[in-house]
Structure formats: C-alpha cells, structure tokens
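One letter stands for each residue in the lines below.
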Amino acid sequence: MNQIPPIDLTRQYQTIGSQVSAVVQDVLTSGRYIGGSSVANFEQQFAAYIGVSECIACNSGTDALYLALRALEIGPGDEVITTPFTFIATSEAIAAVGATPVFVDIDLATFNLDVTQITAAITNKTKAILPVHLFGQPVDMSSIMQVAQERSLAVIEDCAQATGAEWAGRKVGSIGHIGCFSFFPTKNLGACGDGGAVTTNDKNLAASIRILREHGMTERYRHEATGINSRLDALQAAILQIKLPYLARWNDARRQVADNYHQLLKSLPGIVLPQELPGGRAVWNQYTLRLTQECHSSDYRDKVRNQLQQLGISSMVYYPLPLHLQPVYKSLGYQKGQLPMVEQACHQVLSLPMFPELSFEEQQQVVYSLKDCFVN
Ligand SMILES: *Cc1c(COP(=O)(O)O)cnc(C)c1O
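Now for a look at the structure at hand. (Residues numbered from 1 in each chain as written. Predicted model: local features only at pLDDT ≥ 70, side-chain atom pairs only at ≥ 80, totals over all residues. Heavy atoms only, no water.)

## A short note on the pattern of salt bridges
Evaluation of the coordinates by the stated rule reveals twelve salt bridges. Glu362 serves as the salt-bridge partner of Arg11, at 2.8 Å between the closest nitrogen and oxygen. Pair noted here: Arg11 is in helix H1 (residues 9-30) and Glu362 is in helix H12 (residues 360-375), with a separation of 351 residues, a long-range link. A relative accessible area of 10% places Glu362 in the buried class. As a salt-bridge pair, Arg231 and Glu214 come within 3.1 Å of each other at their nearest N and O atoms. You can see Arg231 sitting in the loop between strand S11 (222-223) and helix H8 (234-243) and its partner Glu214 sitting in the loop between helix H7 (203-213) and strand S10 (217-219), a full 17 residues away along the chain. For Glu214, a relative accessible area of 26% gives the class partly exposed. What you see here is one network of salt bridges that share partners, running through Asp8, Arg11 and Glu362. (Salt bridge = Lys/Arg side-chain N within 4 Å of Asp/Glu carboxyl O. Helix = DSSP H or I, 4+ residues; strand = E, 2+ residues; numbered from the N terminus. Buried < 20%, exposed > 50% of the residue type's maximum accessible area, 1.4 Å probe, protein only.)

Structural data, given as structure tokens:
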C-alpha cells in the first residue's frame, strides 16, 4: 500500500525542475546574490498579481508582519486584535514590536476570526486588526474593513496561507492597509527556503518598510531608524519568478482536490467539512475537517489520527493548542474556557493530505482509510 504524505514538494519540483535549475545557474554565475534585478522584478510581478502598487520582498512571513506593524508605528502600550487560531508567528510579530495581542474567538464554520466579536474587543489602546486567512480561506474582509473604518483602525492581513485567495473578487493582501505573505516552501507559493513579502497601495508605508527592512538605511550608511536585516535572496526571488505564473493553476488544482474530498466525504456522519464562505474564493493551503464525536478533549481525534497513520495516511493537527492558552502568553491572563469555539476546534480538527499534485486515487485511499477508522 502507498504511503500518503500530508504534502509532497518533490512532485512539483519534477514539473518545473529544469526551469528552476536554469535560473539558479544564472544567479550563481552573475555573482549578484543580494538584491539586483531578480528581486526588483519579482516585487513588480507579485504586486501586479495581487493587484497593488507596492510590494516589498523580505526574508519571511514573520518579518513581513513585523515590518508592517513597525511601519504603522504600533508599539508598546498598543493593542492589536487577532485570532487565537493561527501559527504563532502572527502574535509573535505583535509582541516583537512591544504591542499586546488581543485574541477574539473564531467562527467554527470558517476557522477564521469571528467578525461579529471584534467591536466588543476594541479599547482606546486598539491600533489595528490583524485577521488571518487561515488554511487559504479568506476572512470576511467587507465586515473587517467596515469596523476598521468606523473606529479608525489599521488592517493588516496575514495572507501567509492564502496567496491567491479572493474576497469579493479582490485578492487578499490588496484589501486591508497592508498584506503580509510567506514563501515558506509549504505555502501556496513556496520558495526553496525562506521568503516573504509585504503588499500595500500606500506609498508612505511602502517607503518606511523598505527602510526598516535594510537597517533603517535611507542612503548608504545613513540610518534613520532601528531596522532589521530582512532581504529576500536573489536566488529565492529568481525561483519565485519562475513559480508565480504557475500559481493560478496550482490553486485551481487545490480547489479540485477540496471538491473531491467534499464529494467523497459529504455523507459521512460525525464529521463537519470545511465550507467556502459566499463571496470568498479559497485556495486550500489545508483541507481541515472537524471530528464532532468529542468536543472536550482531543482523545477521539488523536485516536483516528493514529489509526490513519497505521493505514499509511499522514494527517496533521493544525493547531492543537490555541494561542491564548500558550505558555508564552500566560501573563496575558486568559483562562481555559474563555474562547470556547477555538478551544473546541483545537480538540476536533484534522487536516487531510492536501497539495496540487495529490491524485484522485490517493484521495480515494485517504477517504477509504478514514471510513475504516470510523467503523473500528
Ligand atoms: C507560515 C505562517 C507565517 C510565517 O511565515 P514564515 O515565512 O514561516 O515566517 C505567519 N502566519 C501564518 C498564518 C503562517 O501560516
């Protein structure tokens, strides 16, 4: 029996390997490894793809979030509203600038920030809302922008898992004031190493981010701010330039995989499948369902996951512990039970194998195995 991994990056490389090798060779022979035309060209092409005027490439999605918050001059004493159901990088960036993350519960139907609960979390210290388009599913940006406008708050979109997703016909990362992207290899557009980007239509913010990303430097060896070193390597930029034109195709393939799972699993009792919100176009970085037999502990989900593993299917748990209950945020004073929806999600979620090259036969094997676990 075949082993089915949660993601297999070698299959994509097989389809574009010769193109990638050629541009890598070009960069290596050019002797220009930092900056240069491949970075500038990629920034232009990515801005055009997202539909914004400015793109600033950087070293990671985490740095993109940090640079965005710094450019908005968010710091000590400020609060940023975000979701407790995301990778730690989201709140880590808020803490890294000295601000305080304020966690608002999620909507179980989308796993994203519950937009109806944002207003109640706003205080006179709130500076920004930082929604995450989790698993490739766009947040209801219309509601977020309305609240932000009414209360004069900035909106930073964490698009790390959603490159190419759309809300109301616009790409995520072009709707809020700033969009933050990751090119970590497993993201929808992945480099062969670390990478990230910030997108915006605001020229002043873009100028600040360019300065902050390179040691606060405005001209050579003149430093006007305390910045960081966060450049995208020329090699990664060259590789991303090759990959960007394929992204729409790969995202379509992910949508097909999601559709197949939906058809194959829809009649199975005891699970809730992920749904696409009307108005959104998801790009399925993950296909994450909920096992609803148990909502107070993760025992049942973990048992199913182990059985699946024995049948050769690798599933994942994104995420087992919500951010508000992470040891690192103990001093923020959140209590167990305070954000019940996300706590339930953490006990119930299971992410099935998902990548553009996953075959229909493999998906059938995943589903047969899952059904097996339910019988036993
Ligand atoms: C991956 C990820 C990040 C961080 O991106 P890196 O490039 O790994 O630093 C931030 N937010 C979310 C939601 C992510 O999934």
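After presenting the structure, the write-up continues.
## Overview of the environment of Leu72
Looking at where Leu72 falls in the secondary structure, it is placed in the loop between helix H3 (61-71) and strand S2 (79-82). For Leu72, a relative accessible area of 23% gives the class partly exposed. Taking the C-alpha atoms as reference, Leu72 lies 7.2 Å from Leu205; in sequence the two are 133 residues apart. Ignoring anything within four residues of it in the chain, the contact list for Leu72 reads Ala154, Ile156, Ile178 and Leu205. (Contact = heavy atoms within 4.5 Å.)

## Some details on unusual backbone geometry
Note the cis peptide between Tyr318 and Tyr319, where omega equals 5°. Mapped onto the elements of the fold, Tyr319 is located in the loop between helix H10 (299-310) and helix H11 (340-348). Even without being a glycine, Glu73 presents a positive backbone phi close to 60°. With respect to the helices and strands, Glu73 occurs in the loop between H3 and S2. Look at Phe135: it is not a glycine, yet its phi comes out positive at around 60°.

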